[in-house]
Each structure stands twice: as structure tokens, then as C-alpha cells.
Amino acid sequence: MTTFTIGETDFLLDGQPFQVISGTLHYFRIHPEHWADRIRTAKAMGLNTIETYVAWNAHEPVRGEWDATGWNDLGRFLDLVAAEGLHAIVRPGPYICAEWHNGGLPVWLTSTPGIGLRRSEPQYLAAVTEYLERVYEIVAPRQIDRGGNVVLVQIENEYGAYGSDKDYLRELVRVTRDAGITVPLTTVDQPMPWMLENGSLPELHLTGSFGSRSAERLETLREHQPTGPLMCSEFWDGWFDWWGSIHHTTDPAASAHDLDVLLAAGASVNIYMVHGGTNFGATNGANDKGRFDPIVTSYDYDAPIDESGHPTAKFHAFRDVIAKYAAVPDLEPSPRPDAPVFEVALSGEGDWMPASTGSVSDAPATFEELGHLGALVRYDVALPASSADRAVLAFGEVRDLAWVHVDGAFVGRLSRTLHERALAIPAGATLTVLVEDQGRVNYGHRLGEQKGLIGGATLDGAPLTDWTATPIDLAAATGTGAGAVGRVILRGSFELDSVADLFLDTAAWGKGFAFVNGFFLGRYWRNVPQQTLYVPAPVLRAGANEIVVLELEQAVELVARFVAQPELGQLEE
């Protein structure tokens, strides 16, 4: 039996010192047919371990409907890691952050009345227990002491930044051990004394999350973890992007230097991310620290392996550093064909927003009340008769972006990011508001907040009541006739001799969603930094393919352009 334990100064693999050199891959952000390739490329950089979060809301978006197949086949992912001779670290949360929608927590969970998130509250603990038991059914038989490759399991995630409920942490440990997890258990927090103190227990091994000033951060960590191996289990080698910002990059030499300092100190490391992947569909999260910033579709993260699986300059810089401390395999990443460049003519099929068919309620129903997990809801209400030419429409809060129409004519847009909640509208009979959930907050105490028109609505101070709310199924959208102006559906077809990754240029369009062969690529928006969408080869086919674009604002051109891969380090700028 192989063992993996914690010694006085080191991790011990069969009793011998072992330095973990790991990198993060999120199986739920990578097409399953690309898992093996990304794992093998990470191995070629010199890693001996692969780490992943487990996204609860990917496995159980609807309560009681657990799925561990296809994109959610965690067992297959861990087996592919093992097939490359690599160890694995599993971080099941239940909260994961990860710039993933709702921090990985299902909407049905966070919208449960009276629930107490991330603390020892009965409703929450009951649901978490069921979730963890399902995850551990997959993980337990794959532990290293049972012939598998899982060497560490993490309890919660950066909990010290959120709370300090030690009973909650103890309950997670109890559930984990009762489910048969025998490998060492860890926690992770930023190396700030109060976070390290709040976020762990004496029986858990503390690790840190940081991306610079390695020696200083290790010193702080050692003050709170006086024995055992030091580990940076989130070495931030890049950063994420949000709409309206820039494409974030870090200097490969600087990141490699900090990695060198870590490894030279004998510390173990998990590189976050070694390959970021993509927020396909509407799975991106958002941050709100006074300003709501939704995350873009790409999760490239300026990682050593870029969004489409290509090694970058950072890959080679990291491999050179790792080679000083461990044997790097004589292995090169698999070659892949260049992305073909071509154009596809599109037909405009008119407005795709469905008619108002929802139920009526006194106030606008939230996405949660509707049980809607999609990105859009249409709201309609009759306007009172008025002699005034214009009146002020005001909402308690818009979450997150709203297009306002009177009698079908567009009159303005309200943005949560810009703290907009009111605008003047002309007189009319019917008010229609299309609301987009731009991404659920993934960090802090706004976790689990409701989406839609929050806090009611007034017109010149008088309440508007009797609202109809209609959830919109983007995948089922159809146009109302020919047309390519404003909110429209665009459709086109193209032939491929063979499949390869593609990059869809979205710069000619305003804001919306794109599908290829029914696969939901994600959101696009002219509001920088991202102006191409990654199309993974497995969603394509030799022969006929279809592209569908659901534009929300303005389609400038009736053409879809597939372009060469953006230059590394300048992906979307």
C-alpha cells in the first residue's frame, strides 16, 4: 500500500520526502475530449500533481438531480490524471470561488428561505452533507492508499476571509472522514494572520494562497503552521478578466522568479492556474466590492497553457525553474493544427425575444422565484394612463443589466455596474424590461443574492404592480421574420474538411450569445477586453456546421469571421 502523510518538515510519500509540484485544471471548464491533452501538457511542464475544484452547481443545478457523467465525470478526470502517472488534489468546497457563478453553490441552495450559507446552520449542513457524500463516493476509492492517486483533500476554501465558524469546519471534517477520506486534509487562506486563524482547525494542515513576495508569505504561513511542509496551494501566476477592463497579464520572468523562491525554500506548490479554460455558456461569476464586475467568457488567466491548450512563454519559463528541483519528463505538448481563417455569411431572422407568457405577480418575480437558471427574463407591466409626456421609472435595484421598452420601442438601458436604477420614459400602454443576469457573485457576502428587478418599481413615485415575468430559453430562440437591426438572431452554416479549434471574432457585434452546432460558447460584448470566443474542436464536425448568434443590441455586419488564434499575451486587447 502506498502512503502519503505529513511529516515534521515535508510531505512523505511512502515515508520519503516529497515536494508537491501541482497545477490547477478545472474539468468543468474544459471540453472532456480535451482533458487528456491538457493533463499531458501540464505533465510536460514538469508537474507531478494535478489539482481541481469540484463545482457543486455543475453536478446538481436542480436539487436531487445529481450528474457525474460527461462534463461532470470527475472520476474519469481523476483516472486520466492517474494514467499520466500524476497525483491528484481534490478541493470539493462546497464553496470554491474560482470566478465561477455563485462560487460553485447551486442557486436552489442559496435561495432556500432562511438558509445560513457557509456556517453551521441545519438546512445548509444537511444539503452540504449530501453533496460531499456524493463527491467522496467518487474520490474515496481513488485515494493513494487504495491504489489511486488522490493525495490531499481540502476542507472549504479560503474560509478565513468569510467566516470563523469552527463548528462548521469541524462538521465538514467529520463528514469527510466518515465518508472514508483518509488522506491528509488541508485548508487554504491568504497569508494574513486573521484569515489563517479564522479559516482552519488544529487538525487541518494550513496552506497559503498568493502570487508574489513568496519568502515573506511563507514566513507568515510558518508562524501559523509551525510544523510540516509549507505549501502555497494557490500560486497565482496570472489573473482573471472582467468586462470593461483590460486583459490581465503577468511577466513570465517575474512569475518564474517567485516560483523559484517557493521551490528553493522546499515548499510545495499548486500553480493556479496551469490552464484556465473557458466559462462556456453562462457560467461566469462576478465580483462586487462596491462595483459589480462580471467575469468574461474566457478564463485564460494568462496561464502557462493558454485557453486553447497552447504552451506559452510562461510555460517554458516555469519548466526551466521546475527542472532545477525535479525531473522534468522528455515530453513535448501534442501538436495541433492552426485555426483556419474564413468567413460565414449570416441571415438575419428578426427579433428573437419570445412573447410575454409568464404568470402575473404583484412585484417582478426574481429569477429564483421563477426557478430560472438562464441568463434572461422578460418583464411586462401595464402603464397607468397619464397626461405627462414623460415620467421617471425607478427600481430598487437592477441585477444586472436591463433594456427598457415602451410599447415595443427601446427607451434606455440600466446597468448595475454603473449603479443605474432610474430613467425617464415616454407615455405609453406597456412597459417591457429585458433583464440579464450577467454572472452570479462568486466572492464575499453577496454570495447567493437574487437576480432580476429587485425591490419593486415605481413610476413617478407610484408603485407599478401586476408584473408578468417570462423566462427565456436561449437555446430555443427563433426569429420573428427577416431583419438584422437591433435585437436579432443571426444564423449561418459552414463546411469543414476536418475539425480544429476555431476562434470566433465578435468585434462586429454589440452584445449577446453565440452557439455553434447547438453548443453554447458563451457571452460576447463589445465592452472589451474579450473580442473572440474560443470554439473547441470537439463541438465541430467534418461537413456541415451551424452558427447561431443572439444579438441583444446591434448587429453591425451579417458575417461571422473565424480568425487565427490571438497572439499570446495580447489575447483580447
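Everything numeric here is computed off the predicted structure, so don't read it as measured data.

Turning our eyes to something else, we now look at the overall build of the protein. In terms of helices and strands, the protein carries 11 helices and 33 strands. Taking 25 Å as the expected radius of gyration for a compact globule of 573 residues, we find that the protein reaches 25 Å, a close match to that expectation. In terms of overall dimensions, the protein has a C-alpha envelope of 85 × 55 × 40 Å along the principal axes. For the protein, buried positions account for 60% of its 573 residues. Considering only contacts within the protein whose residues lie at least 6 apart along the sequence, 78% involve residues at least 24 apart. By element, 52% of the accessible surface of the protein is carried by carbon and sulfur atoms, the whole surface being about 20800 Å². Taking the average location of the 41 positive side-chain charges in the protein and that of its 75 negative ones, the two points are 2 Å from each other.

Attention now goes to the sheet that holds strand β16 (residues 360-361). Here 6 strands make up an open sheet; going across it, the order is β16-β26-β17-β22-β19-β20 and the pairing antiparallel. Unpaired on one side and paired on the other, β16 and β20 (409-415) mark the two borders of the sheet. Relative to strand β22 (residues 430-436), strand β19 (residues 401-406) runs antiparallel, the two sharing 6 bridges. By the bridge assignment, A402 is partnered in β22 with V435.

Another aspect to go through is empty space enclosed by the protein. For the structure shown, the criterion picks out 5 cavities of 30 Å³ or more. Lining the largest cavity are E51, I89, R91, L152, Q154, T186, T207, M231, S233 and N270. Breaking the lining of the largest cavity down by element, the ones donating at least two residues are β6 (87-91), β7 (150-154) and β10 (231-236). Split by residue class, the lining of the largest cavity holds 3 nonpolar, 5 polar and 2 charged.

In total, this model carries 34 aromatic pairs according to the counting rule given. Between W71 and F280, the ring centres sit 5.7 Å apart and the planes meet at 80°, which makes this aromatic pair edge-to-face. Here the residue W71 occupies a position in the loop between α2 (56-59) and α3 (74-83), and F280 occupies one in the loop between β11 (268-275) and β12 (285-288), the gap between them amounting to 209 residues. For W71, a relative accessible area of 27% gives the class partly exposed. When the centroid spacing of 4.5 Å and the interplanar angle of 20° are considered together, the rings of F515 and F520 count as stacked. An aromatic cluster of three or more residues is present, and its members are Y53, W236, W239, F240, W242, Y272, Y299 and Y301. R29 extends its terminal NZ or CZ atom over the ring of Y299, reaching a point 3.7 Å from the ring centre.

The first and last C-alpha atoms of helix α9 (residues 252-264) sit 18 Å apart over 13 residues, in line with the 18 Å expected at 1.5 Å per residue. The complete set of buried residues in α9 reads S255, A256, D258, L259, D260, L262 and L263. On its buried face, α9 sits against β4 (21-25), β9 (205-210), α8 (214-224), β10, β11 and α10 (313-322). Of the residues one or two after α9, G266 is the one with positive phi, at around 85°.

The next subject is the pairing of strand β21 (residues 422-426). Side chains of β21 alternate between two faces, with L423 and I425 buried and A422, A424 and P426 left unburied. Pairing of strand β18 (residues 390-399) with β21, which is carried by 5 bridges, proceeds in the antiparallel orientation. Bridging from a neighbouring strand, A391 pairs with I425 of β21.

Attention now moves to the confidence of the model for the protein. Summarising the model, the protein shows a mean pLDDT of 96, and 99% of its residues fall at 70 or more. Segment residues 568-573: pLDDT under 50, and 14 contacts once partners within four positions in sequence are set aside and those in other chains are kept.

We now examine the packing of helix α5 (residues 122-139) against helix α6 (residues 166-178). Contact geometry for α5 and α6: axes closest at 10 Å, N-to-C directions at 35°. In this structure, α5 meets α6 at a crossing whose hand is right-handed. Residues Y124, L125, V128, T129, L132, E133 and Y136 of α5 form the contact with α6, whose participating residues are Y168, E171, L172, V175 and T176. Residues of the contact of α5 with α6, tallied by class, amount to 8 nonpolar, 2 polar and 2 charged.

Attention now moves to the sheet that holds strand β5 (residues 49-53). The parallel closed barrel is built from 8 strands, whose spatial order is β4-β5-β6-β7-β8-β9-β10-β11. The mean inter-strand angle of the sheet, taken between neighbouring strand axes irrespective of direction, is 30°. Two elements, strand β8 (residues 185-189) and β9, share 4 bridges in a ladder whose sense is parallel. Residue pairing for β9: T187 is matched across the bridge by L206.

With that out of the way, let us pick up the side chain of D293. Turning to its location among the elements, D293 is positioned in strand β13 (residues 292-294). Polar side-chain contacts of D293 include one of 3.0 Å to the side chain of R291. Each residue touching D293, except ones within four places of it in the same chain, is listed here: W242, A286, N287 and T417.

One number sums up the size of the largest pocket: a volume of about 780 Å³. N57, H101, F280, A282 and T283 are, among the 28 residues lining the largest pocket, the residues nearest its centre. Counting only elements with at least two residues in the lining of the largest pocket, the list comes to α2 and β30 (519-525). Here the residues of the lining of the largest pocket are counted per class, giving 18 nonpolar, 7 polar and 3 charged. In this structure, the second largest pocket occupies an estimated 350 Å³ of space. In terms of lining, the second largest pocket is formed by 21 residues, of which the most central are E99, W239, F240, K289 and Y443. At the level of elements, β10 and β12 are the ones that each hand at least two residues to the lining of the second largest pocket. When grouped by side-chain class, the residues that make up the lining of the second largest pocket number 11 nonpolar, 3 polar and 7 charged.

The rules behind the values
Residues numbered from 1 in each chain as written. Predicted model: local features only at pLDDT ≥ 70, side-chain atom pairs only at ≥ 80, totals over all residues. Heavy atoms only, no water. Helix = DSSP H or I, 4+ residues; strand = E, 2+ residues; numbered from the N terminus. Rg over C-alpha atoms; globule rule 2.2 N^0.38 Å. Buried < 20%, exposed > 50% of the residue type's maximum accessible area, 1.4 Å probe, protein only. Contact = heavy atoms within 4.5 Å. Areas by Shrake-Rupley, 256 points an atom, 1.4 Å probe, with all protein chains shown as cover. Lys, Arg positive; Asp, Glu negative; His and termini not counted. Charge placed at Lys NZ, Arg CZ, Asp CG, Glu CD. Pairing = 2+ DSSP bridges. 1 Å grid on protein atoms, 1.4 Å probe; cavity = no way out; pocket = protein on both sides within 12 Å on 5 of 7 lines; lining within 4 Å. Points joined across faces, edges and corners; volume = space filled by probe spheres on them. Nonpolar A, V, L, I, M, F, W, Y, C, P; charged D, E, K, R; others polar. Phe/Tyr/Trp six-rings, centres within 6.5 Å; stacked < 30°, edge-to-face > 60°. Lys NZ or Arg CZ within 6 Å of the ring centre and 35° of its normal. Expected span 1.5 Å × (residues − 1). pLDDT = per-residue confidence, 0-100. Axes fitted to C-alpha atoms, helices over the stretch in contact; angles between N-to-C directions. Left-handed = near helix turned anticlockwise from the far one by under 90°. Polar contact = N/O pair within 3.5 Å; in protein donor to acceptor, adjacent residues only side chain to side chain.

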